[in-house]
Amino acid sequence: MKDIQIPEIDKALTKKARGGQEIEPIAKARNMLWCKGVKDLTDITNPKLDEMFVWKSADDSLKNAPAKIFERIEKVGMYPRGKGRGLKRSLPEIVEAVDLHPDFQGTAIFFNSKLWELFELKTISEKEILKRIDDVFSEYGVERYPHPKIESWRYGRNPEVDVQHPVNPNELLRLQAANLPKITWVYLTLLIYFFIKTTISGRFERLLKMHTDSLKDYFEEGLGDFGQECFLDALKKIQSIEVVRIF
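Residues numbered from 1 in each chain as written. Predicted model: local features only at pLDDT ≥ 70, side-chain atom pairs only at ≥ 80, totals over all residues. Heavy atoms only, no water.

Asks: In this structure, what is going on with the nonpolar core? I would like to understand it.
Replies: Nonpolar side chains tend to gather and get buried jointly when the protein is soluble and globular. In this structure, W34, F70, I94, F119, F194, L215 and F219 are the most contacted members of the largest nonpolar core, which totals 66 residues. The biggest single contributor to this core is helix α10 (residues 182-199), with 11 residues. Those residues in contact with F119 that sit more than four places away from it in its chain are I26, L190, L215, A234, K237 and I238. (Core = buried A, V, L, I, M, F, W, Y, C linked by side-chain atoms within 4.5 Å. Buried < 20%, exposed > 50% of the residue type's maximum accessible area, 1.4 Å probe, protein only. Helix = DSSP H or I, 4+ residues; strand = E, 2+ residues; numbered from the N terminus. Contact = heavy atoms within 4.5 Å.)

Asks: Hey, could you run me through the environment of D217 in this one?
Replies: Tracing the sequence through the fold places D217 in helix α11 (residues 205-223). Taking the C-alpha atoms as reference points, D217 and G227, 10 residues apart in sequence, are found 8.5 Å from one another.

Asks: Looking at this structure, how should I read the side chain of T212?
Replies: With respect to the element layout, T212 can be found in helix α11. For T212, a relative accessible area of 2% gives the class buried. When near neighbours in sequence (up to four residues on either side) are disregarded, T212 contacts L190, F231, L235 and I238.

Asks: Mind showing me how you'd approach the packing of aromatic side chains here?
Replies: Aromatic ring pairs are described here by two measures, namely the spacing of the ring centres and the angle between the planes. In this structure the tally under the stated criterion is 6 aromatic pairs. Look at W34 and F70: their rings are 5.5 Å apart centre to centre, the planes differ by 40 degrees, and that puts the pair in the tilted class. Here W34, found in helix α1 (residues 25-39), pairs with F70, found in helix α4 (residues 69-76); they are 36 residues apart in sequence, far enough to count as distant. No difference in accessibility class separates W34 from F70, as the two residues are buried. Aromatic side chains W116 and F219 sit 6.2 Å apart centroid to centroid with 25 degrees between the ring planes, which places their arrangement in the stacked category. Residue W116 is located in helix α7 (residues 114-118), and its partner F219 is located in helix α11; the two are separated by 103 residues in the primary sequence. Residue classification places F219 among the buried positions, given a relative accessible area of 0%. An aromatic cluster is built from W116, F119, Y218 and F219, whose rings are joined through pairwise contacts. Looking at R30, its charged tip hangs above the ring of F111, at a distance of 3.9 Å from the centre. (Phe/Tyr/Trp six-rings, centres within 6.5 Å; stacked < 30°, edge-to-face > 60°. Lys NZ or Arg CZ within 6 Å of the ring centre and 35° of its normal.)

In short, geometric facts, not functional conclusions.
So this is what it looks like as structure tokens:
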């Protein structure tokens, strides 16, 4: 397959953490989209959110300089270390603490979604793809229908092998009724793309665009101009994942 040509990402736009290690756009996007998901639910200021969720002890927020965690994440997608490190929660701990608050329940998905895990994969097999799809249904309590059989010869596969479509159209309607977060729909769409790659021999440029448009929209709607950079980073990672076919 010939990869879609992607322009080189401007290295100057990718900040470095302490010690010179580059922080990828995808990592920053994860943090920023979580922060946006929280901020969309409240008018509480960043300093107040720091007081509520950053410090392990409420007294420490009074004894130390402002943490500026939420401000930094909102602006550049980075968790600042700074002083008082042992007194502050880690970012995953902050995400959990925020999600436990009754006003912010459900926001952890923006940070903990398996979409981010997907970008770190080197390979993915048909078995893993189907399991990940099953896990989405299980997580949201949506009953599955039997998979409809597909004529394997249409997909360039061994006609002796039974081919199943990963999601029944009726199941999609049930998922819609379950009101899945948009990030979960994006994740599911990418899984379906990877499944199609296990069933079709040939070029995938058109299929890739069809199944990544929702990812592009998600990044650009949530992150503006920076979302385009994040999408290009994600696209390169998606194209680099080797999909293991069964024949």
